[in-house]
Amino acid sequence: DAKTTQPPSMDCAEGRAANLPCNHSTISGNEYVYWYRQIHSQGPQYIIHGLKNNETNEMASLIITEDRKSSTLILPHATLRDTAVYYCIVSPSHGSSNTGKLIFGQGTTLQVKP
Amino acid sequence: DAGVIQSPRHEVTEMGQEVTLRCKPISGHDYLFWYRQTMMRGLELLIYFNNNVPIDDSGMPEDRFSAKMPNASFSTLKIQPSEPRDSAVYFCASSRWGEQYFGPGTRLTVT
């Protein structure tokens, strides 16, 4: 079973920030928070990941609460091409015995509207 | 880099036939994963390899499914015999440092 909880769907206006929440209250100390997205009919695409600190890259920002029980993915200026299913996943760090076991839940379907 | 390459992109076969799906990971990646996606069950991890060695095959649905990785640049997922319930999109992914890069998938239809 997925170890995360996400809202099933969200809408966002084009050009506005999209804030996608994720709860992972049972996260372990060695588990990272990963975000992927899947645009219709394509393979999942890696977005960003983090352990404790907030992270930012060219695609998005990841805000992790201090207790690490929840996080928020932020797309600063959503475009129509950002319409996709967004998956929040917790996974052990590379090199551990369970490395790579991404357990995908149902994710959040983000609809960016003009 | 061309990314993860999968072939064929589409496969239609009759029940009982053998199906072989192929994957070429990104050069330098030492982990390779096979996933299956259906509407009912979502994305499921089937098996993964590290340095060409199968590490966890607990997601393989049954003995009809087998996967091999004879070298660092090639892997196969075989279904023999195929059944209609195997119809799905099969994804291959590879990684080096944690983030996984997925191929475009193979859409399998078993009639």
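Everything here concerns the structure above.
Basis of the calculations
- Per chain, residues are indexed from 1 in the order of the written sequence.
- Chain letters start at A and ligand numbers start at 1, both assigned in the order the entries are written.
- It should be noted that, the model being predicted, local features are given only for residues of pLDDT at least 70 and side-chain atom pairs only at 80 or more, the latter also being counted only at that level, while totals for whole chains, interfaces and linings use all residues.
- Excluded from the side-chain calculation are hydrogens and water; included are all heavy atoms of the structure.
- Working definition: helices are DSSP H or I runs of at least four residues, strands are E runs of at least two. Numbering for both runs from the N terminus.
- C-alpha atoms define the radius of gyration in this analysis, and the globule rule sets the expected value at 2.2 Å times the number of residues to the power 0.38.
- Relative accessibility thresholds used throughout: buried, under 20% of the residue-type maximum; exposed, over 50%; partly exposed, between the two (1.4 Å probe, protein chains only).
- For the accessible areas, the method is Shrake-Rupley and the probe is 1.4 Å, while residue cover comes only from the protein chains on display.
- Lys and Arg are tallied as positive, Asp and Glu as negative. Neither His nor the chain termini are counted.
- A charged residue contributes its charge at one atom only: NZ of Lys, CZ of Arg, CG of Asp or CD of Glu.
- Strand pairing follows a simple DSSP-based rule, namely that at least 2 bridges must link the two strands.
- Every axis corresponds to a line fitted to the C-alpha atoms, with the helix fit spanning only the stretch in contact, and the corresponding angles, defined between N-to-C directions, vary from 0 to 180 degrees.
- A pair of aromatic rings is counted whenever rings of Phe, Tyr or Trp (Trp by its six-membered ring) have centres within 6.5 Å, and the orientation is called stacked for planes under 30 degrees apart, edge-to-face for over 60 and tilted otherwise.

Caption draft 1: Summary view of the overall build of chain A. Secondary structure summary: chain A contains 0 helices and 9 strands in total. Along the chain direction, N to C, the helices and strands of chain A fall in the order β-β-β-β-β-β-β-β-β. What you see for chain A is a C-alpha radius of gyration of 13 Å, in line with the 13 Å of a compact globule of 114 residues. With respect to the three principal axes, the spread of C-alpha positions in chain A is 45 × 30 × 25 Å. Evaluated residue by residue, chain A yields a buried proportion of 44% over its 114 residues. Put simply, chain A shows about 5,800 Å² of open surface, and 47% of that area lies on carbon and sulfur atoms. Side chains of chain A carry 9 positive and 9 negative charges; the gap between the two charge centres is 2 Å.

Caption draft 2: Here's a closer look at the sheet that holds strand β3 (residues 19–24) of chain B. Residue and element names in this part refer to chain B. Read across the sheet, 4 strands follow the order β1-β3-β8-β7 without closing on themselves; strand pairing throughout is antiparallel. Sheet topology places β1 (5–7) and β7 (65–71) at the edges, where each strand pairs with a single neighbour. Averaged over neighbouring strand pairs, the angle between their axes works out to 15 degrees when direction is ignored. Bridge count between β7 and strand β8 (residues 74–79): 5 bridges; the pairing is antiparallel.

Caption draft 3: Focus on the pairing of strand β4 (residues 31–38) of chain B. All names here are of chain B. Counting buried positions along β4 yields 8 of 8 residues, so the element is predominantly enclosed. Here β4 shows no split at all, with Tyr-31, Phe-33, Tyr-35 and Gln-37 on one side and Leu-32, Trp-34, Arg-36 and Thr-38 on the other all buried. Pairing geometry for β4 and strand β5 (residues 42–50), over 8 bridges, is antiparallel. Across the sheet, Arg-36 pairs through a bridge with Glu-44, a residue of β5. Hairpin connection from β4 to β5: 3 residues lie between these consecutive antiparallel strands. Direction of pairing for β4 relative to strand β9 (residues 88–95): antiparallel, over a ladder of 7 bridges. Following the sheet pairing, Gln-37 is matched in β9 by Val-89.

Caption draft 4: Seen up close, the packing of aromatic side chains. Across all of its chains, the model carries 15 aromatic pairs over all chains by this definition. Seen in terms of ring centroids, Tyr-36 of chain A and Tyr-46 of chain A are 5.8 Å apart; in terms of plane orientation they differ by 70 degrees. Their pairing is edge-to-face. Of this pair, Tyr-36 of chain A sits in strand β3 (residues 31–38) while Tyr-46 of chain A sits in strand β4 (residues 45–50), and the two are 10 residues apart along the sequence. With a centroid separation of 6.2 Å and an interplanar angle of 80 degrees, the aromatic rings of Phe-104 of chain A and Phe-102 of chain B are classed as edge-to-face. You can see Phe-104 of chain A sitting in the loop between β8 (84–92) and β9 (108–113) and its partner Phe-102 of chain B sitting in strand β10 (residues 100–102), one on each of two chains.

Worth remembering: the numbers are spatial, not functional.
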